[in-house]
Amino acid sequence: MTDHPSAKPAGKPTSYSRVTLSRIMTAVDVNLYGTVHGGVLMKFVDDVAGAAAARHSGGTAVTASIDEIVFSEPVRVGDLVHAHAQVNWTGHTSMEVGVKVVAERWDSAEDEPVGVATAYLVFVGVDVGGAPRPVRPVLPETLEDERRCREAEIRRAHRLARRRAIQAHRGA
């Protein structure tokens, strides 16, 4: 029996896609207020999310949208920042990646890391020609993974409803 080339690949557990990137923030990352620039953190979020999406999909995946990013605490020079990502949900060619960013404060390294940002990004698996390609399903392993998957479906429904509403408004 041969596989059909357009058949969806076998699923992978949520843990397969988990990626953590870490880096120390330096003076080149600072904004005019003396804290790390939001754009630096946004690129870091996109980098870790892209690694999780590529790992899960087994190939190239590109950022389609940043659904939400919330900055909850400032990051300072010298902080060791960790960005944790995992695929929360998959469709036919797209997937949602959740990211949590925490910082170990340089001046209180023995304290627990501080949550500094969360984000949800949508990626699309693409082939060598840049066309969308099927991505394997994500298989939630824990109750937390199942919750994240359900919430990702809600965010997707809201994205699609917003797009339809805007298109209807423009057509009016």
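Details of the structure are given in the entry above.
Residues numbered from 1 in each chain as written. Predicted model: local features only at pLDDT ≥ 70, side-chain atom pairs only at ≥ 80, totals over all residues. Heavy atoms only, no water.

Novice: What should I look at first to understand helix α3 (residues 143–171) in this one?
Specialist: An α-helical turn contains 3.6 residues, so any two residues separated by three or four positions project in the same direction. When the terminal C-alpha atoms of α3 are compared, their 42 Å separation across 29 residues agrees well with the 42 Å that a helix rising 1.5 Å per residue should span. Buried within α3 we find Asp145, Cys149, Ala152, Arg155 and Arg159. Residues of α3 that are buried make contact with α1 (14–17), β3 (61–71), β4 (80–90), β5 (94–104) and β6 (114–125). (Helix = DSSP H or I, 4+ residues; strand = E, 2+ residues; numbered from the N terminus. Expected span 1.5 Å × (residues − 1). Buried < 20%, exposed > 50% of the residue type's maximum accessible area, 1.4 Å probe, protein only. Contact = heavy atoms within 4.5 Å.)

Novice: Got a minute to help me understand helix α2 (residues 38–57) in this structure?
Specialist: When the terminal C-alpha atoms of α2 are compared, their 28 Å separation across 20 residues agrees well with the 28 Å that a helix rising 1.5 Å per residue should span. Those residues of α2 that sit buried are Val40, Leu41, Phe44, Val45, Val48, Ala49, Gly50, Ala52, Ala53, His56 and Ser57. Within two residues after α2, Gly58 carries a phi angle of roughly 75°, on the positive side.

Novice: Is there a simple way to think about a nonpolar patch on the surface in this case?
Specialist: Together, Met42, Ile66 and Phe71 give the surface a local cluster of nonpolar side chains, amounting to about 250 Å² of exposed area. Along the chain, Met42 falls in helix α2. (Patch = residues over 30% accessible without salt bridge, like charges linked within 9 Å, V, L, I, M, F, W, Y side chains within 5 Å. Areas by Shrake-Rupley, 256 points an atom, 1.4 Å probe, with all protein chains shown as cover. Salt bridge = Lys/Arg side-chain N within 4 Å of Asp/Glu carboxyl O.)

Novice: Would you mind going over the environment of His82 with me for this structure?
Specialist: Along the polypeptide, His82 turns up in strand β4. Residues contacting His82, with those up to four places away along its chain left out, are Thr20, Leu21, Ser22, Phe44, Lys100, Val101, Val102 and Glu104.

Novice: I would appreciate a short explanation of the pairing of β6 in the present structure.
Specialist: Regular strands show a simple pattern: their side chains alternate between the two faces of the sheet. Along β6, nine of the twelve residues are buried, which leaves the element largely enclosed by surrounding structure. Two elements, β3 and β6, share nine bridges in a ladder whose sense is antiparallel. Bridge pairing in β6 links Val62 to Val124. Examined bridge by bridge, β5 and β6 share ten bridges and lie antiparallel to one another. (Pairing = 2+ DSSP bridges.)

These results come straight from atomic positions and should not be treated as a statement about function.
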